[in-house]
Every structure is written in structure tokens, then in C-alpha cells.
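Survey of secondary and tertiary structure
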Amino acid sequence: ELEHILSLQKNPDAKEVAEAADERKMRPELVTLPVEPQWTRAGFPVSYHLLDRVSATTRIIGDGVKHHFGTKRPYQSDPRVKALIEPHDNPAFPSGHAVGSVVWAQVCALLLPEKQNAFTARAEEIAQHRVLTGMHWPHDLRGGRELAWLITGGLLQNAAFIADLQAAREELEAKGLRKK
């Protein structure tokens, strides 16, 4: 994994590093807007209420798992790895960016199923930026994806989530972004 990170950092793509810097602060718009530019917070408050609640749940669970494992980030582990963006100093495993973006992608796919592949690809792009920038090991991403699937499965068992999901579907239908 170390050699993989070092190879990525030999000639990092400036555009990808800039995107990674913008992605440092997680927010649902990182997944929604690149796939569906009309799906704005101002225009779809019910959808973003759902995504913000999902964010809060994901962060609590992900942070608990991170602190349980307490692993170092690549730039903290080997001086050859550079932090190409403003670094995080919390534990590395699992990647919170992978957890959050994958959960958002899964929820977005429940709302706009015809765009599932695009949401999934966007979440993966966010996760891969974390390796490029020296913030995560590849196995941190795998752990993040697996935790995301567990979180989404748990959300689908929650009556409040299901009600919020249905309200967001209705909002998207009413505004023409979701087919009835």
C-alpha cells in the first residue's frame, strides 16, 4: 500500500489535488451536485434534511470506529508520503470520506435509482482522492465502504429514515427530478 501511495504522489494531478482540497470538509453536495446539478440545497430542502440526518448518523458511527482502531495516516507513518492537502489528525481507519460518500451515494440511489452508477462513481472518486493526498491507506477505503453498507442497512431498518426517504422522494417527484 505504501508503494501505491508513493507512486500516486510522484506526479500528482493538480486538478485532482484541488478537488481533494475542496472535498476536505464533507457535505452531501459533494455527491449530489456533480451528478445532478439541479439538486441544490435551496431547491430541495426536504432531500437535504434527509442527507444531513444521514451525515450526522454516519459521522457518529464512523468516528467511534476510527477511535476504536486509532491507526495512523500514511503521511504520519512514513516521511516519504506527503500530505498534499491540509491534513487531518484524527485516526485513519476507516476512511470517514469513504463512509460518508458511499452512504450518501446509496441514499441518493434510493432517491434517483437511474443515477446509481454515477453516484457510486462519484463516491469512489472522493475516496480515491484520500489515498492520492496521503490521508488514507487503500485498506482505509475498503473499511469505509464496508461500514457504509452496514450503516445503510441499519438506516433501512429505521422508521424515521424511511419516512424522511419517502418525503424526499415526493419532493423530487413534485419538482420533476424523480419519475413517479
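Structure shown above.
A brief report on the enclosed structure follows. (Residues numbered from 1 in each chain as written. Predicted model: local features only at pLDDT ≥ 70, side-chain atom pairs only at ≥ 80, totals over all residues. Heavy atoms only, no water.)

**Some details on the pattern of salt bridges**
For the coordinates displayed, the defined rule picks out twelve salt bridges. A salt bridge links Arg-41 to Asp-52, with the nearest nitrogen and oxygen atoms 2.7 Å apart. Here Arg-41 is found in the loop between helix H3 (29–35) and helix H4 (45–69), whereas its partner Asp-52 is found in helix H4, with eleven residues between them in sequence. Residue classification places Arg-41 among the partly exposed positions, given a relative accessible area of 34%. On the basis of relative accessibility, which here comes to 32%, the residue Asp-52 falls in the partly exposed class. (Salt bridge = Lys/Arg side-chain N within 4 Å of Asp/Glu carboxyl O. Helix = DSSP H or I, 4+ residues; strand = E, 2+ residues; numbered from the N terminus. Buried < 20%, exposed > 50% of the residue type's maximum accessible area, 1.4 Å probe, protein only.)

**Description of the environment of Leu-30**
Within the fold, Leu-30 resides in helix H3. Residue Leu-30 is classed as buried on the basis of its relative accessible area, which comes to 4%. Along the sequence, Leu-30 and Glu-19 sit eleven residues apart, while their C-alpha atoms lie 10.0 Å from each other. If sequence neighbours within four positions are ignored, Leu-30 has contacts with Asp-22, Glu-23, Lys-25, Arg-122 and Ile-126. (Contact = heavy atoms within 4.5 Å.)

**As for the layout of surface pockets**
The space that makes up the largest pocket amounts to roughly 340 Å³. As for the largest pocket, its lining consists of 19 residues, of which Met-26, Arg-59, Asp-63, Gly-96 and His-97 are closest to the centre. Those elements giving two or more residues to the lining of the largest pocket turn out to be H4 and helix H6 (96–111). When its volume is computed, the second largest pocket comes out at roughly 290 Å³. Along its surface, the second largest pocket is lined by 14 residues, and Val-102, Gln-106, Gln-116, Thr-120 and Trp-149 are the ones closest to its centre. For the lining of the second largest pocket, the secondary-structure elements that each account for two or more residues are H6, helix H7 (116–132) and helix H8 (138–155). (1 Å grid on protein atoms, 1.4 Å probe; cavity = no way out; pocket = protein on both sides within 12 Å on 5 of 7 lines; lining within 4 Å. Points joined across faces, edges and corners; volume = space filled by probe spheres on them.)

**Structural notes on the nonpolar core**
Core analysis: the biggest nonpolar cluster contains 31 residues, and Trp-39, Leu-50, Val-54, Val-103, Val-107, Leu-111 and Phe-119 have the highest contact counts within it. Those elements that place two or more of their residues in this core are H3, H4, H6, H7, H8 and helix H9 (159–174). In this view, Trp-39 contacts Thr-32, Leu-33, Phe-44, Ser-47, Tyr-48, Leu-51, Cys-108, Leu-111, Leu-112, Phe-119, Leu-172 and Leu-177; residues no more than four positions away in its chain are not counted. One finds Val-17, Ala-20, Ala-127 and Met-135 within the second-largest nonpolar core, a separate group that totals 14 residues. (Core = buried A, V, L, I, M, F, W, Y, C linked by side-chain atoms within 4.5 Å.)

**Points about the packing of aromatic side chains**
If you walk through the whole model with that rule in mind, you get three aromatic pairs. Ring centres of Phe-69 and Phe-93 lie 5.1 Å apart, and the angle between their planes is 90 degrees; this geometry places the pair in the edge-to-face category. Linking Phe-69 in helix H4 with Phe-93 in the loop between helix H5 (74–77) and H6, this pair joins segments that are 24 residues apart in sequence. Overall, the relative accessible area of 18% leaves Phe-93 in the buried class. Of note, Lys-175 hangs over the ring of Phe-44, and the distance from its end group to the ring centre comes to 5.2 Å. (Phe/Tyr/Trp six-rings, centres within 6.5 Å; stacked < 30°, edge-to-face > 60°. Lys NZ or Arg CZ within 6 Å of the ring centre and 35° of its normal.)

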